[in-house]
Amino acid sequence: MKIEVFDIPDEGLDIELEETPKIEGIKITKSFKAILRIEKKGAEVFVKGIVSGEVELQCSRCLKEYTMPIKTLVEVTYHPIEELSKEELVELKKDEMDVDFYREGIIDTEDIIRDQILLNIPMKPLCSEDCKGLCPICGTDLNEFKCGCVVKEIDPRMAILQSLLRRMKKNG
């Protein structure tokens, strides 16, 4: 849904919507619902509300697909993009992290939902905190089966020294 900034009434706007934004590499299993309060003060637009839905992710340990619910609070202040100088380098301060910009007087609610999805997906998705992952030798899913592989944990910083020791023993 596209919201025309100039059409936002002085008393604000309450909207409920359901959207399924297209995000490359992310499968949305349950469309996202948003309950938003939109207010305007001059050229600034304040958006507050709740966004909830479900995405399908791949566990970074066992590689299985799993569904992750997302429910998050939204609090974003929008400014016109024209306020940014093209030559000006801007460093965001901590209190400016919830700032965004709108173009040509339009705020797209699909962008709001997309941003919230991307901000809430973990860098290393896990199907569960105690996921055992895959055996690094045979590839068995250690959550379902126990394999007989012996895994020697070698500090990668010391691996080169181990190869040197082998050569020294060989050469004698």
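Residues numbered from 1 in each chain as written. Predicted model: local features only at pLDDT ≥ 70, side-chain atom pairs only at ≥ 80, totals over all residues. Heavy atoms only, no water.

J.: Would you mind showing me how to read a nonpolar patch on the surface here?
T.: Among the surface-exposed residues, Ile-154, Met-158, Ile-160, Leu-161 and Leu-164 lie close enough to one another that they form a single nonpolar patch of about 460 Å² accessible area. Counting through the fold element by element, Ile-160 comes out in helix H2 (residues 159-171). For Ile-160, a relative accessible area of 57% translates into the label exposed. (Patch = residues over 30% accessible without salt bridge, like charges linked within 9 Å, V, L, I, M, F, W, Y side chains within 5 Å. Areas by Shrake-Rupley, 256 points an atom, 1.4 Å probe, with all protein chains shown as cover. Salt bridge = Lys/Arg side-chain N within 4 Å of Asp/Glu carboxyl O. Helix = DSSP H or I, 4+ residues; strand = E, 2+ residues; numbered from the N terminus. Buried < 20%, exposed > 50% of the residue type's maximum accessible area, 1.4 Å probe, protein only.)

J.: Explanation requested: the side chain of Asp-141 in the structure shown.
T.: Position of Asp-141 among the secondary structure elements: in the loop between helix H1 (109-120) and H2. For Asp-141, the side chain forms a polar contact with the side chain of Lys-64, separated by 3.1 Å. Discounting residues that sit within four places of it in the chain, Asp-141 has contacts with Cys-62, Lys-64, Gly-133 and Leu-134. (Polar contact = N/O pair within 3.5 Å; in protein donor to acceptor, adjacent residues only side chain to side chain. Contact = heavy atoms within 4.5 Å.)

J.: What am I meant to see in the side chain of Thr-77 here?
T.: Summarising the element assignment, Thr-77 is placed in strand E5 (residues 65-80). The exposure class assigned to Thr-77 is buried, which follows from its relative accessible area of 19%. In contact with Thr-77, other than residues within four places in its own chain, are Glu-44, Val-45, Phe-46, Asp-98, Val-99 and Asp-100.

J.: Which parts of the structure should I look at to understand the pattern of salt bridges?
T.: Where charged atoms of side chains with opposite charge meet at close range, the side chains can pair. Summed over all chains, the structure comprises eight salt bridges. Between Lys-2 and Asp-108 there is a salt bridge, and its shortest N-O distance comes to 2.9 Å. One end of the pair, Lys-2, is in strand E1 (residues 2-4); the other, Asp-108, is in strand E7 (residues 106-108), and 106 residues separate them in sequence. Using a relative accessible area of 60% as the deciding quantity, one classes Lys-2 as exposed. Judged by relative accessible area, Asp-108 falls into the buried class, the value being 16%. Here Arg-37 makes a salt bridge to Asp-14, at a shortest N to O gap of 3.2 Å. Highlighted residues: Arg-37 in strand E3 (residues 27-41) and Asp-14 in strand E2 (residues 13-19), separated in sequence by 23 residues. What makes Arg-37 partly exposed here is its relative accessible area of 26%.

J.: Help me understand the nonpolar core, please; the structure alone is not making it clear to me.
T.: Side chains of a nonpolar character, in soluble globular proteins, are inclined to be buried together. Residues Phe-32, Ile-38, Val-45, Val-47, Val-55, Tyr-78 and Ile-117 are the most contacted members of the largest nonpolar core, which totals 32 residues. Every element with two or more residues in this core is listed here: E2, E3, strand E4 (44-58), E5 and H1. Setting aside residues up to four positions removed in sequence, Val-55 forms contacts with Ile-26, Lys-27, Ile-28, Thr-29, Phe-32, Tyr-66, Thr-67, Met-68, Ile-70 and Ile-117. (Core = buried A, V, L, I, M, F, W, Y, C linked by side-chain atoms within 4.5 Å.)

J.: Looking at this structure, I do not really get the sheet that holds E3. What am I missing?
T.: One open sheet holds the five strands; their spatial order is E2-E3-E4-E5-E6, and the pairing between them is mixed. A strand with exactly one partner marks an edge of an open sheet, and here the two such strands are E2 and strand E6 (99-102). Across this sheet, the average inter-strand angle for adjacent strands is 25°, counted without regard to direction. Sheet topology note: the E2/E3 ladder contains seven bridges and is antiparallel. Its bridge partner lying in E3, Asp-14 is registered against Arg-37. Set on the sheet, H1 makes contact with E2, E3, E4, E5 and E6; between it and E5 the angle comes to about 125°. (Pairing = 2+ DSSP bridges. Axes fitted to C-alpha atoms, helices over the stretch in contact; angles between N-to-C directions.)

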